[in-house]
Protein chains: 2
Amino acid sequence: MKNIGVKQNFVDSRAKVTGKAQYLDDIRFPDALVGKILRSPHPHARILSIDTSTAEALPGVRAVITSKDCPRNKFGMEIADVDMLAIDKVRYVGDEIAAVAADSEEIAEDAIDLIKVEYELLPVLDDPQEAMKRDSFLVHDEKKSNIAKEYHIARGDVDSDFADCDYVFEGEFSTHRVSGLYLEPFGAAAQWGPDGRLTVWTGIQSIFQARNEIAKALGIDPTMISLRSPFIGGAFGAKIWIRNFHPIVAILAKITGKLVKVILSREEEQLTTRPRVAPKMWLKLGMMKDGTMVAKQAKIVADNGPYSWAAPKILLNMAMRTDCLYRFKSSKTDAYLVYTNLIPTSGFRGYGNSQMHFALESFIDMCSRKIGLDPVDVRLKNCVHKGDTTLHKWKIKSCGLSECITKAREEISKNRSPKEDDGGRIKRGIGIACMNHVSGNRGGDKFDGSSAMVRIHEDGNVMVFSGEADMGQGSRTVFAQIAAETLGVEISSITVMPLDTDTSPFCLGTYSSRVTTVGGKAVFLACEKVKTQILELAAEMVFRHAHTLFLEDSTIRCYYDPTVALTLKKVANYAIRSKVGIPLTSYITYDPPTEGADENFFGDYSSAYTYAAQAVEVEVDTYTGKVKVLRVIAVHDVGKIVNQLGVNGQITGGVAQGIGWCLYENMQFDKGIPVNTGLHGYTLMTIKDIPTIEGFAVESCDPIGPYGAKGIGEPTLIPTAPAIANAIEDACGVRVTNLPITPEKLYWSLKKVQKKAEGEHVETQRTA
Amino acid sequence: MKNIGVKQNFVDSRAKVTGKAQYLDDIRFPDALVGKILRSPHPHARILSIDTSTAEALPGVRAVITSKDCPRNKFGMEIADVDMLAIDKVRYVGDEIAAVAADSEEIAEDAIDLIKVEYELLPVLDDPQEAMKRDSFLVHDEKKSNIAKEYHIARGDVDSDFADCDYVFEGEFSTHRVSGLYLEPFGAAAQWGPDGRLTVWTGIQSIFQARNEIAKALGIDPTMISLRSPFIGGAFGAKIWIRNFHPIVAILAKITGKLVKVILSREEEQLTTRPRVAPKMWLKLGMMKDGTMVAKQAKIVADNGPYSWAAPKILLNMAMRTDCLYRFKSSKTDAYLVYTNLIPTSGFRGYGNSQMHFALESFIDMCSRKIGLDPVDVRLKNCVHKGDTTLHKWKIKSCGLSECITKAREEISKNRSPKEDDGGRIKRGIGIACMNHVSGNRGGDKFDGSSAMVRIHEDGNVMVFSGEADMGQGSRTVFAQIAAETLGVEISSITVMPLDTDTSPFCLGTYSSRVTTVGGKAVFLACEKVKTQILELAAEMVFRHAHTLFLEDSTIRCYYDPTVALTLKKVANYAIRSKVGIPLTSYITYDPPTEGADENFFGDYSSAYTYAAQAVEVEVDTYTGKVKVLRVIAVHDVGKIVNQLGVNGQITGGVAQGIGWCLYENMQFDKGIPVNTGLHGYTLMTIKDIPTIEGFAVESCDPIGPYGAKGIGEPTLIPTAPAIANAIEDACGVRVTNLPITPEKLYWSLKKVQKKAEGEHVETQRTA
């Protein structure tokens, strides 16, 4: 294949590196007003009064709004618990209270400072386990408890299986809030047209879901909104859903009659960025002497923050997904999502799956060592294979997991550094972790598909319309490759069109690592359909049967007659001006052949399942507790590589973000008040900390994905953290079960081990 | 029907009357440069040198271009004889020589003044009959003669038929250049994107043909251009094709790397507006004693100006179309289009048909009177009827011509003013003229169709995509009505989307009075198709057969079960998120069931043919020659009224423009130099001159047009001028055969009649 599996420069690289690609803030809107938002400084308080009069009197201020100026339609993804501006209470530091539209950013900021709010401070709920107690103070007065959502999922009989096991282990794990920290801060511009329709410009992962949610908040019909996405400077899941500023900017535009633009500052980004859901996870694992994993039980208490967004879905992933990584006989999970007054959490690369993977993949190493088995052998013994149907009824249509594990072990074993150095101060170790993930998710929605429209123009150029967003990961390039390959044309003749809810085909958006598999398949099918039109038309023109013709290098040829050579341009030109009644345009909807889950979450709900094993080598400075990742071997079952450069980019980026999550980043709070928003306080890994990352692809050739491809976006981050934790134990004998693994934490753990070695009884391998 | 045949306010009236509708000049482009064009002051000259250095040195000037900076791809519609900037010669006053892009309009104008051009003056060709002679100086050096195009069309044997006739008459007629004079001057803005694609904003009648023509001039692929049309403030045919400024503004944008906007001044508009083609027409008509018209012969010499644009097609219409108004046995036409150095001519409401109608409909009155017959009876005796196939093989599928004539006569006869007044100074008379026209034209192109896409959104709102332009005549409203009626939804739920070659379905554009008939039919069929999808989906939801369901008031109901009441919203919502694989979107191409003409122009080439009769009452001030139109009765066979308000508007506007053409407007030249550009010199009729115009519709219910509708745009102007000329003769006995009928001309003609009455022999009725 000429266009699939190659190293394809991104179709928009030139525009991006020359600075010509327009991100939201690059678009010059004439006479635009600047919107700013007043946010709560308190994690939990009742609003006694808001005085906007001084702000309103400031010259250059065009509107000051509070909740009294807004429709009070609660919105939110699964649970509608969000008001666009606070009505009676604020529930976290950053909660929106009022907003201003002004002639300049300076005036808008001054106006924000002039709004006076009187608060009555309320108890701060910053511990989910405390908050879920019956007698806890409530985050939402009108709710019965602080439990936003709970799941109780059981397959088989874990109790009976545990009784039959040779070993039963218990462990406790936790992960923390980290911020998406994409380069481009989130924002939106809005303007009402003369026909009463609202145009919103915002770089967002799902244009249609965003449009619908803004409409819900405003109480208008979704198609009264035209939502257009400029280039997106990264998203990682935090830009799937709208933020409060989306309906706010629409209200400001309505009141002022002007275009209003809101772009978040980096501090606002971190306050409202919807960081990764932070859970505590208790695991129980039943194993046989030979390493067979039989039963798995989990309890999860996850910190939702005050507004729920995608966290319910994320909790569900956390509760279930790893059950399908190995051939468990039974599993049982009780999971709770709890309202607190910390920053609301939501989707971030991995979408819950990364959290439970940290727990399980750490725990498998811990348990295997306990019974004297090689953890990698245990994984190989238990891992799922193509053809399996897992206990949640996932049908594994393609699976390269065992190949990934084998390859990761093989590669990490090459060129090892000496185990110890610097007189024993530096200790080195390796660790491996696996992962499974989805490529699309027929979860809460009946529909998990995508649509695509392909148009062939008279000059032979091809336009691909899809509503799926390229947030920087390269999906426009993948779509162009699929179209070029399927149609048999040069990639330079393909234009993947910009996103606009008025003209883009309906789709769900970029999440669940679904864009290549589902969106790309839609593009593939639309190309196949239009190719049929092309060949049928060409058949008329050259007096051959359509099934004897094929398209190659933008030319229609005949299998048996080399004299036939008709350019696509000629056929397209004939089509568009002939009487055959076919514009060379195909418009299709594709929905993967999955059944979705029943009310008990039982069912095959992804088009394809992806697998990976990552192996890392670390060194631990036992004097300081500092961990340095030396090498990462990332072996991913991608089904089939579409763009080698894209896969490499995803692996490098995902692994780096995984290392950051594991070792560097942490959103910290002091009595509910964030203490390290802004890049000055938040420890982000820099380029000098990035290790050698070697990516390998296993091509399991999925039967459903386009050309066999599966998703790669999220999987790259998921196994990195547990692999590091496993490598750290391998290096220095210390197991850390709560992320992040900071030097301080490791230092004190090393101290404990030292003390144990000196005679004290300290259990480090078992945390239960 | 709820939405067809009603008085429907235009869907964009509110936006227009509140000033919120954005025409090109209303769009604020940040950092836009202003483009201006240097035009020739000479009708014919060789360019010896162009010095742009002083202009380039002026601060604020960003680019000065001449032909050396431009690709030299000749463009033009049928004959590619246009350069975007003059290369060696200028050929009319207004011809483009150089262009400037500058920071402001003032600077651009100053820069234009600073460009120095040396000319060598050449002989001016301002008379087509002189210019077509073999030894004439050439307008285009590389051509063999000044004849741009000629047609020789014969049906039957006119010579033999003339020999059999009781009477054979000959006459000579001419019509003149008039300007379209829409409210919004033409213009364009252009900007090149980071992906190398060019975006052009211009309010134009055919977005796709304009895109293709700009691409041809620039030498790039058409789909490298995204052409977007804002609101259009009138066009009347003069905005069908691009002007030179379209590729010029693209070159200025390319060189400066900025957005450049060119808006013509009113004077530039009139210089380059492509006025009506000005022909001389010699007619020969063979009749029997009983008024039967047997044979018609014509010779036409038409003034093309130096560049041909649509004039070849217009000449063809002039040559043929009236042959199909009556049941002629034979016809023969020799037609010549001649290059001159006057302003280039092109399309204007009527597209050639109006010119020959003036000649023929005047001549029928003249001849009928000669043989003592009532001209109206002669028309009724000869006019075509439904079911006829005319001598050019037009198949008349619907025809209300005889009804139109009868109604016009009946209405004009009511409430007549006294024949004479003011002691005989004021004389009054009535006249009638007929007309036939097309609704679409499968002329030079194999394709005469249109495409449409209809999307039903989850909220039940409907988007209609069509590429056909609304230039103010109300086609967006007509499309919304057709969609509302066909789907069974409220018109308020329909949005007819703006035009953009990237997203609009392919079409030919707004001309040949085709938008309602062809574009509207495409919308109708797309709605029918999506309705089938809706009903099939609804059938699944309510467990009924689709053929027992219908859509009314946005609700799906069942013919036999009144309990079925499913909202369209629910179905659309189900569709978009169900697994049925159908987005509620239909995309269709419609090409009317006409065959087009053969190389001899023989064939049925319009979807539907329209007919009208207009009757006017005039009064002539015999002392001054001034004509006042008192009343116009306009009876039009529109097939079926879609929007009563739209039909009324077209009739009022078209008749007014027809009166203007006949009595007021005239582009005058002195040795090739226009002497009355600008509204100060050009006599435009004002509101106080407008008579009572009474419109009547005959509904012949065309079998092909949507709901039976046919076109109404151009027909309204066509019969007005000959009806006035006929009424003038009826009033005062004077026949004027060359337009315009100015007071001066009529005054001198009246003088001649007086002299004749006083004994001199002056022939006024016969001009041959």
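1. So, the interface of chain A and chain B
When the parts come together, some accessible area is lost, and that loss is often what is quoted as the size of the interface.
In step 1: Taken together, the contacts link 50 residues of chain A with 49 residues of chain B.
In step 2: In total, chain A and chain B occlude about 4,300 Å² of area from one another, counting both sides; carbon and sulfur atoms represent 53% of this.
In step 3: Where chain A touches chain B, the interface holds four salt bridges.
In step 4: Taking the shortest distance from any N to any O, the salt bridge between B:Arg211 and A:Glu458 comes out at 2.9 Å.
In step 5: At the boundary of chain A and chain B, one finds 21 residue pairs in polar contact (both at pLDDT 80 or more).
In step 6: At the level of secondary structure, the elements contributing two or more residues to the side of chain A that touches chain B comprise helix 6 (207-218), strand 18 (450-456), strand 19 (462-466) and strand 25 (585-590) of chain A.
In step 7: Looking at side-chain class alone, the side of chain A that touches chain B contains 20 nonpolar, 13 polar and 17 charged residues.

2. Comments concerning the relation of the copies chain A and chain B
Two chain copies here: they are related by a rotation about an axis and a translation along the same axis.
In step 1: Between the two copies, chain A and chain B, the superposition gives an RMSD of 0.0 Å; the rotation angle is 180° and the shift along the axis is 0.1 Å. The transformation relating the two chain copies, once decomposed into turn and shift, fits a two-fold axis.
In step 2: The residues that chain A uses at the interface reappear at the interface of chain B in 98% of cases, marking a shared surface.

3. Some words on the pairing of strand 23 (residues 555-558) of chain B
Residues and elements named next belong to chain B.
In step 1: The pairing of strand 22 (residues 549-552) with strand 23 spans four bridges and is classified as antiparallel. Bridging across to strand 23, Leu-551 finds its partner in Ile-556.
In step 2: Where strand 22 folds back on strand 23, the antiparallel hairpin that results is connected by two residues, among which Asp-553 adopts a positive phi of roughly 50°.
In step 3: Between strand 23 and strand 24 (residues 565-567), which pair antiparallel in sequence order, lie six residues.

4. With respect to the environment of B:Thr594
Residue and element names in this part refer to chain B.
In step 1: Its place among the elements puts Thr-594 in the loop between strand 25 (585-590) and strand 26 (609-621).
In step 2: Given the relative accessible area of 1%, Thr-594 is considered buried.
In step 3: Separated by 449 residues in the primary sequence, Thr-594 and Ser-145 place their C-alpha atoms 36 Å from one another.
In step 4: A polar side-chain atom of Thr-594 sits 3.0 Å from a polar atom in the side chain of Arg-442.

5. Digging into the sheet that holds strand 6 (residues 116-121) of chain B
Residues and elements named next belong to chain B.
In step 1: Strand order in the open sheet formed by three strands is 4-2-6, and the pairing between neighbours is antiparallel. The open sheet has two edge strands, strand 4 (89-90) and strand 6, and neither has a second partner.
In step 2: Across two bridges, strand 2 (residues 45-51) lies against strand 4 in antiparallel orientation. For Arg-46, the partnering residue across the bridge sits in strand 4 and is Lys-89.

6. Things to note about the environment of B:Gly733
All names here are of chain B.
In step 1: With respect to the helices and strands, Gly-733 occurs in the loop between helix 17 (720-732) and helix 18 (743-757).
In step 2: Among the residues examined, Gly-733 registers a relative accessible area of 27% and is labelled partly exposed.
In step 3: Separated by 607 residues in sequence, Gly-733 and Asp-126 have C-alpha atoms that sit 32 Å apart.

7. Side note on the domain arrangement of chain A
Residues and elements named next belong to chain A.
In step 1: Taken as a whole, chain A is organised into domain 1 (13-122 + 183-234 + 239-272), domain 2 (278-442 + 598-751) and domain 3 (450-590).
In step 2: With centres defined by C-alpha atoms, the gap from domain 2 to domain 3 works out at 38 Å.
In step 3: Taken residue by residue, the interface counts 21 residues in domain 2 and 18 residues in domain 3.
In step 4: The junction of domain 2 with domain 3 conceals about 1,400 Å² of combined surface from both sides, 59% of it contributed by carbon and sulfur atoms.
In step 5: For the pair domain 2 and domain 3, the interface holds zero salt bridges.
In step 6: For the pair domain 2 and domain 3, the interface holds seven residue pairs in polar contact (both at pLDDT 80 or more).

8. Some points on the packing of helix 10 (residues 353-370) of chain B against helix 11 (residues 375-382) of chain B
All names here are of chain B.
In step 1: Put simply, helix 10 and helix 11 touch, their axes get as near as 8 Å, and they point 110° apart. By the angle between their axes, helix 10 is roughly perpendicular relative to helix 11. Handedness of the crossing formed by helix 10 with helix 11: right-handed. Contacts between helix 10 and helix 11 involve Glu-361, Ile-364, Asp-365, Ser-368 and Arg-369 from the first element and Pro-375, Val-378 and Arg-379 from the second.
In step 2: A per-class count over the contact of helix 10 with helix 11 returns three nonpolar, one polar and four charged.

9. Remarks on the sheet that holds strand 30 (residues 692-698) of chain B
Residue and element names in this part refer to chain B.
In step 1: Strands sit in the order 16-17-26-27-30 across an open sheet of five strands; the sheet is mixed. Two strands in the sheet have a free side with no partner beyond their single neighbour: strand 16 (420-421) and strand 30.
In step 2: Of the strand pairs in this sheet, strand 27 (residues 626-637) and strand 30 are connected by seven bridges, and their pairing is parallel. When the sheet's bridge partners are listed, Ala-634 is paired in strand 30 with Gly-695.
In step 3: Strands strand 17 (426-438), strand 26, strand 27 and strand 30 of the sheet are contacted by helix 12 (residues 401-413), whose axis makes an angle of about 20° with strand 26.

10. Digging into unusual backbone geometry
In step 1: Of the consecutive residues A:Leu739 and A:Pro740, the connecting peptide bond is found in the cis state with omega at -5°.
In step 2: Note that A:Pro740 resides in the loop between helix 17 (720-732) and helix 18 (743-757).
In step 3: Unlike most non-glycine residues, B:Ser513 shows phi in positive territory, near 50°.
In step 4: Structurally, B:Ser513 is set in the loop between strand 21 (499-500) and helix 14 (515-542).

11. Re the packing of helix 13 (residues 475-487) of chain A against helix 14 (residues 515-542) of chain A
Residues and elements named next belong to chain A.
In step 1: Across the interface, helix 13 lies against helix 14 with an axial gap of 9 Å and an inter-helix angle of 30°. Here helix 13 lies roughly parallel to helix 14, going by the angle between them. In terms of crossing hand, the pair formed by helix 13 and helix 14 is right-handed. Here helix 13 contributes Ser-475, Val-478, Phe-479, Ile-482, Ala-483, Thr-486 and Leu-487 to the contact with helix 14, which in turn contributes Val-515, Thr-516, Gly-519, Gly-520, Val-523, Phe-524, Cys-527, Glu-528, Val-530, Lys-531 and Ile-534.
In step 2: Of the residues belonging to the contact of helix 13 with helix 14, the class tally is 11 nonpolar, five polar and two charged.

12. Section: the confidence of the model for chain A
Segments scoring low in pLDDT should not have their predicted coordinates read at a detailed level.
All names here are of chain A.
In step 1: Across chain A, the average pLDDT comes to 94, with 98% of residues at or above 70.
In step 2: Confidence drops under pLDDT 50 across residues 762-768; counting only partners more than four residues distant or on other chains, this segment forms 19 contacts.
In step 3: Confidence metrics for the complex model read pTM 0.89 and ipTM 0.81.

13. A word on the pattern of salt bridges
Side chains carrying opposite charge are able to pair once their charged atoms draw close together.
In step 1: Applying the stated criterion to the full structure yields 114 salt bridges over all chains.
In step 2: For A:Arg514, the salt bridge goes to A:Asp448, with nearest N and O atoms at 3.5 Å. Taken as a pair, A:Arg514 in the loop between strand 21 (499-500) and helix 14 and A:Asp448 in the loop between strand 17 (426-438) and strand 18 lie far apart in primary sequence, 66 residues in all.
In step 3: Residue classification places A:Arg514 among the buried residues on the basis of a relative accessible area of 0%.
In step 4: In this structure A:Asp448 comes out as buried when scored by relative accessible area, which is 0%.
In step 5: With a shortest N-O distance of 4.0 Å, B:Arg631 and B:Glu694 are connected by a salt bridge. A residue pair is termed long-range when its members are at least 10 positions apart, and B:Arg631 in strand 27 and B:Glu694 in strand 30 qualify at 63 residues.
In step 6: By relative accessible area, which is 25% here, B:Glu694 ends up partly exposed.
In step 7: In the salt-bridge network here, residues are joined through shared partners; they are A:Glu361, A:Asp365, A:Arg369, A:Arg379, A:Glu729 and A:Arg735.

14. With respect to the packing of aromatic side chains
In step 1: What the rule picks out here adds up to 36 aromatic pairs over all chains.
In step 2: Between A:Tyr326 and A:Phe328, the ring centres sit 6.2 Å apart and the planes meet at 85°, which makes this aromatic pair edge-to-face. Like A:Phe328, A:Tyr326 is buried.
In step 3: With 6.5 Å between their ring centres and 55° between their planes, B:Phe236 and B:Phe348 make a pair best called tilted. Taken together, the residues B:Phe236 in the loop between strand 11 (225-229) and helix 7 (245-256) and B:Phe348 in the loop between strand 15 (330-338) and helix 10 connect sequence positions 112 residues apart.
In step 4: What links up through ring pairs into an aromatic cluster is the set A:Phe173, A:Phe358 and A:Phe363.

Conventions adopted
- All residue numbers refer to position in the chain's written sequence, counted from 1.
- Each chain gets a letter, beginning with A, and each ligand a number, beginning with 1, in the order they are written.
- Local features in this predicted model are restricted to residues whose pLDDT is 70 or higher, and side-chain atom pairs enter the listing and the counts only when it is 80 or higher, whereas totals over whole chains, interfaces and linings include all residues.
- Hydrogens and water are ignored here; the side-chain numbers use all heavy atoms of the structure.
- Whether two residues are in contact is decided by their heavy atoms, any of which lying within 4.5 Å being enough.
- Defined here as a combined quantity, buried area equals the accessible surface (1.4 Å probe) lost by two parts on assembly, summed across both.
- We define a salt bridge as a contact between a side-chain nitrogen of Lys or Arg and a carboxyl oxygen of Asp or Glu at a distance within 4 Å.
- We call two N or O atoms a polar contact when they sit within 3.5 Å, provided that within protein one can donate a hydrogen and the other can accept it, with sequence-adjacent residues counted only if both atoms are side-chain atoms.
- Helix and strand labels come from DSSP, where a helix needs a run of H or I of at least four residues and a strand needs a run of E of at least two; each type is numbered from the N terminus.
- In this count, Pro and Cys sit with the nonpolar residues alongside Ala, Val, Leu, Ile, Met, Phe, Trp and Tyr, while Asp, Glu, Lys and Arg are called charged and the others, Gly among them, polar.
- The fit set for superposing copies consists of C-alpha atoms from residues with pLDDT of at least 70 in both; the fit itself is least squares.
- DSSP calls a pair of strands paired once it identifies at least 2 bridges connecting them.
- When a residue's accessible area, from a 1.4 Å probe over protein chains only, is under 20% of the maximum for its type it is buried; when over 50% it is exposed; and in between it is partly exposed.
- For the purposes of this description, domain bounds are those given by an automatic or database domain assignment.
- Here an angle of 0 to 180 degrees is reported between the N-to-C directions of two axes, which are lines fitted to C-alpha atoms, with helices fitted over the stretch in contact.
- Orientation labels follow simple angle bins: below 35 degrees gives roughly parallel, above 145 gives roughly antiparallel, 65 to 115 gives roughly perpendicular, and whatever is left gives oblique.
- Note: crossing handedness is left-handed where the near helix turns anticlockwise from the far helix by less than a right angle, and right-handed where it turns clockwise.
- A residue's pLDDT is simply how confident the predictor is in it, with values from 0 to 100.
- For Phe, Tyr and Trp, rings pair up if their centres lie within 6.5 Å, where Trp contributes its six-membered ring, and each pair is then called stacked (planes under 30 degrees apart), edge-to-face (over 60) or tilted (otherwise).

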